[in-house]
Structures are given as structure tokens and as C-alpha cells.
Amino acid sequence: IPYSSSDSDAAGNDPFSVGPGPVWDPMLDRPMTYTSMSSSGPLMSSGGQPKRRPARLTDVATAVVLPWLVFFLVLSLFLFAYHEMEMVVWICITLCGGLSMLFLCLGACARHGSFLAIGFLCATSVGMASACGLWLNSTYLERYWELDAGQEFKHVTPTSSAKETAGASVIHFTEGTFVDDRRTLGFVAGGIVLCLAPVVAPDAPAALVEYWAVGEDCCEMRCNFDCGTARDLGATTAVTERRGPLYNKAIAQAMSVYGLNSTDDAQLVSFVKNPKAVIADIWDESLTIALIAMIMDLCMCVVAGLVVARVLSRAGPRDGFEKRL
């Protein structure tokens, strides 16, 4: 009779077999358990539900730090480089946007939720920083760089041609120069009162106005010009102002009301005590607004990072998070 071994005999003769019962672990003093490594499903809890996997600290930290660094970089470029290297700034902004798109593409192709979140947050930071930087540039920085690069003229008579002080940022008038308060005009536009009055010499108040003192919400309709240091005794120092369409209308109205004449090159000035301090205040205010924006963006990134961590922890396996996205 040929010898045939049964399955039980083969298992009993197999030196690597652990048998039907558990094997005792002498080191741990308890039965050893073996988990099959061939299963590709998610880790299951005792209740049959997928176990929640905590989000990796590196993913959460990247979702917070990287978007904020992008915001910081873009806004800093507008503060320090945009006035001289506009093209370089936009190239850098484009590269930051490309980095955001790269994370989005990698997240979509690799089905990686963290990359999708990082790419979206970086793209949001690029857009917000660009909008904030453009607003700062048009509201504060253009004015600051214009005054900072302008020339300073001394001993200027109010009757001299304004063409001689073209490109000026600071003008020091001769002694005795004053603002003719009797020919003040308050021009109402956009909810504010644009105030202007001619700058004249004491000996000959000319009908041809070369310099106008201006301000906002600092006069009555036809008198009481009290803008800056115009009423201070011996005030002769002023900084130049931009001549926009509203001021052109105000000048035309003043010429009509008081029978004045004004040259096309007439300059607008604001009387100040310390022009350097005024120019520095513009820069300080822009820096303060930029710092507040950076702090607010950092807080938003922290909140977004916590939300990403929460979603990753609740999603469990990768497919679960992808379905939520």
C-alpha cells in the first residue's frame, strides 16, 4: 500500500508550522498573535469601522507655513521692489502661482489631499497678497517714492513761475509768504470738502496764482482755511500734492468766484512743519498696514491648517479624504 500523507500529517511534520493553536511567547508571557499582511483594506476597529489616522504633523505645518511665506514674499516684493523692478516682481508672482498650480496638479494626479489643500491655500495667498500690494502701492507707496525722489527748493517766491519748481517734493517759500484766507474755496466732492486758497506774497497779492494751498475737510465754503500749518506764524515750508481732476474743478471754480487766473502748471502744496517726518509717516503707515495684513494672513493659515488636520483625521484612509474633496 503506497504511503499517502494527510494534511494533518503534513502540518505535523512541517518544522515551520505553528499548529492550530496559538504559540506561547516566553518573553511576553502571553500567546502570540499573527496578523495577515496580505490584506489591502483599511485598518479596522473593533466595531468594524475604519480607524482614524491622525494627520501627519509635517502636512499640517506645511499647510500653515508655506502659504504664509508666499503671502509674505509677494507683499514684501510690492513694498521694496515694485517701484523699481515691476517686471521682476510680476515674474516672481507668476512663479509663486506656478508653485501653487504644481501642488494642485500633484494632489489631483497622486490623489493626495494634503497637496490639494496646500496648493489651494498658496494660490489664495498669492491672490490676496497681490491685491493688498497693488492697493498699498496706489494709495501710499507711489506717493512715498514720489516725495522721496523729489527735489527740495528753497527761497521760492509765490509769484515765481511754477515751472521752476517742477519735480519738487519740498518747497521753502520766502519769508512773509502766507495763504490768502479771504479767497478760500471749499469744493464738495465724494463726501469730502477739498479746500484750496492761493499762496501769495505780502507786498503784491497777484491775480495770477502759481501756487495753491490745499487740504481736505479743513475749511468752510468761502473762508477759514485751516489746513496743516498754513495759519502758523512764519509757516513757509510745504510739500507738493498731486493735481487730480477734482482739484482742477476746484481751481476753475475758485477762478470763477474770485476772478483769479491760474497757470496750467500751477502747483498744489500742503504746508507742514517737518516735511521729512510727513514723508516718513507715509512709509510707516504703509508698513503698519502690511504688517497687519501679514498677521491676519498667518491667523487664517493657522485656522486653515487646523481644518486640514481635522479633515485628514476624520477621513481615515486616503480614499475617504478624496471623496470629501
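Keep in mind it's a predicted model, so treat the numbers as computed, not measured.

**Describing the state of the cysteines**
Then, in step 1: A complete count under the given rule lists 2 disulfides for this structure.
Then, in step 2: A sulfur-sulfur distance of 2.2 Å marks the disulfide that ties C195 to C219. On the S-S bond that ties C195 to C219, the torsion sits near -95°, and the link is left-handed. Linking C195 in strand 7 (residues 192–200) with C219 in the loop between strand 8 (208–216) and strand 9 (237–241), this pair joins segments that are 24 residues apart in sequence.
Then, in step 3: When its relative accessible area of 0% is taken as the criterion, C195 is described as buried.

**Some remarks on the side chain of Q267**
Then, in step 1: One can find Q267 in strand 10 (residues 261–271).
Then, in step 2: Under the relative-accessibility criterion, Q267 is labelled buried at 11%.
Then, in step 3: Separated by 3.4 Å, the side chain of Q267 and the backbone oxygen of A162 make a polar contact.
Then, in step 4: Residues within four places of Q267 in sequence aside, it is in contact with A162, T165, A166, I171, E210, Y211, W212 and T240.

**Thoughts on unusual backbone geometry**
Then, in step 1: Positive phi is not limited to glycine here, since H155 has a value of about 55°.
Then, in step 2: Relative to the helices and strands, H155 is located in strand 3 (residues 151–156).
Then, in step 3: Even without being glycine, N224 reaches a positive phi, approximately 60°.

**Quick word on helix 3 (residues 86–110)**
Given 3.6 residues per turn, any residue in an α-helix points the same way as the ones three and four places further on.
Then, in step 1: Its 25 residues give helix 3 an end-to-end C-alpha distance of 36 Å, which sits within 8% of 36 Å, the value for a rise of 1.5 Å per residue.
Then, in step 2: Those residues of helix 3 that fall on the buried side of the exposure criterion are V89, I93, C96, S100, F103 and G107.
Then, in step 3: Where helix 3 is buried, its residues meet helix 2 (57–80) and helix 4 (113–149).
Then, in step 4: Two residues or fewer past helix 3, R111 is found with a positive phi of approximately 55°.

**Thoughts on the packing of helix 2 against helix 3**
Helix packing for two helices is described by the angle between their axes and how far apart those axes are.
Then, in step 1: Between helix 2 and helix 3, the shortest axis-to-axis distance is 10 Å and the interhelical angle comes to 165°. Taken together, the axes of helix 2 and helix 3 lie roughly antiparallel to each other. Two packed elements cross with a definite hand, and for helix 2 against helix 3 that hand is left-handed. Side by side, helix 2 and helix 3 meet where L66, V70, L73, V74, L77 and F78 of the first sit next to V89, W90, C92, I93, C96 and F103 of the second.

**Describing the environment of G234**
Then, in step 1: When you line up the elements, G234 lands in the loop between strand 8 and strand 9.
Then, in step 2: On the basis of relative accessibility, which here comes to 54%, the residue G234 falls in the exposed class.
Then, in step 3: Expressed as a C-alpha distance, the spacing of G234 and G176, which sit 58 residues apart in the sequence, is 6.9 Å.

**Section: the pattern of salt bridges**
Then, in step 1: On inspection of all chains with the given rule, the structure shows 8 salt bridges.
Then, in step 2: D265 is paired through a salt bridge with K163; the nearest N and O atoms lie 3.8 Å apart. Of this pair, D265 sits in strand 10 while K163 is found in the loop between strand 3 and strand 4 (168–173), placing the two residues 102 residues apart along the sequence.
Then, in step 3: Owing to a relative accessible area of 59%, K163 belongs among the exposed residues under this scheme.

**Side note on the nonpolar core**
Then, in step 1: Grouped together as the largest cluster of nonpolar side chains are 32 residues, with contacts concentrated most on V70, F71, V74, L75, V89, I93 and L136.
Then, in step 2: Among the elements that take part in this core, helix 4 stands out by supplying 11 residues, more than any other.
Then, in step 3: Counting residues in hydrophobic clusters, the runner-up holds 21 residues, among them V156, F173, C219 and A230.

**Points about the packing of helix 2 against helix 4**
Then, in step 1: It is the contact of helix 2 with helix 4, at a shortest axis distance of 7 Å, that shows an interaxial angle of 20°. Compared by their axis directions, helix 2 and helix 4 come out roughly parallel. Every pair of crossing elements has a handedness; the one defined by helix 2 and helix 4 is right-handed.
Then, in step 2: Looking at the contact of helix 2 with helix 4, its residues break down into 20 nonpolar, 5 polar and 1 charged.

Conventions used here
Residues numbered from 1 in each chain as written. Predicted model: local features only at pLDDT ≥ 70, side-chain atom pairs only at ≥ 80, totals over all residues. Heavy atoms only, no water. Disulfide = S-S within 2.5 Å. Helix = DSSP H or I, 4+ residues; strand = E, 2+ residues; numbered from the N terminus. Buried < 20%, exposed > 50% of the residue type's maximum accessible area, 1.4 Å probe, protein only. Polar contact = N/O pair within 3.5 Å; in protein donor to acceptor, adjacent residues only side chain to side chain. Contact = heavy atoms within 4.5 Å. Expected span 1.5 Å × (residues − 1). Axes fitted to C-alpha atoms, helices over the stretch in contact; angles between N-to-C directions. Parallel < 35°, antiparallel > 145°, perpendicular 65-115°, else oblique. Left-handed = near helix turned anticlockwise from the far one by under 90°. Salt bridge = Lys/Arg side-chain N within 4 Å of Asp/Glu carboxyl O. Core = buried A, V, L, I, M, F, W, Y, C linked by side-chain atoms within 4.5 Å. Nonpolar A, V, L, I, M, F, W, Y, C, P; charged D, E, K, R; others polar.

The values are spatial; any link to function lies outside them.
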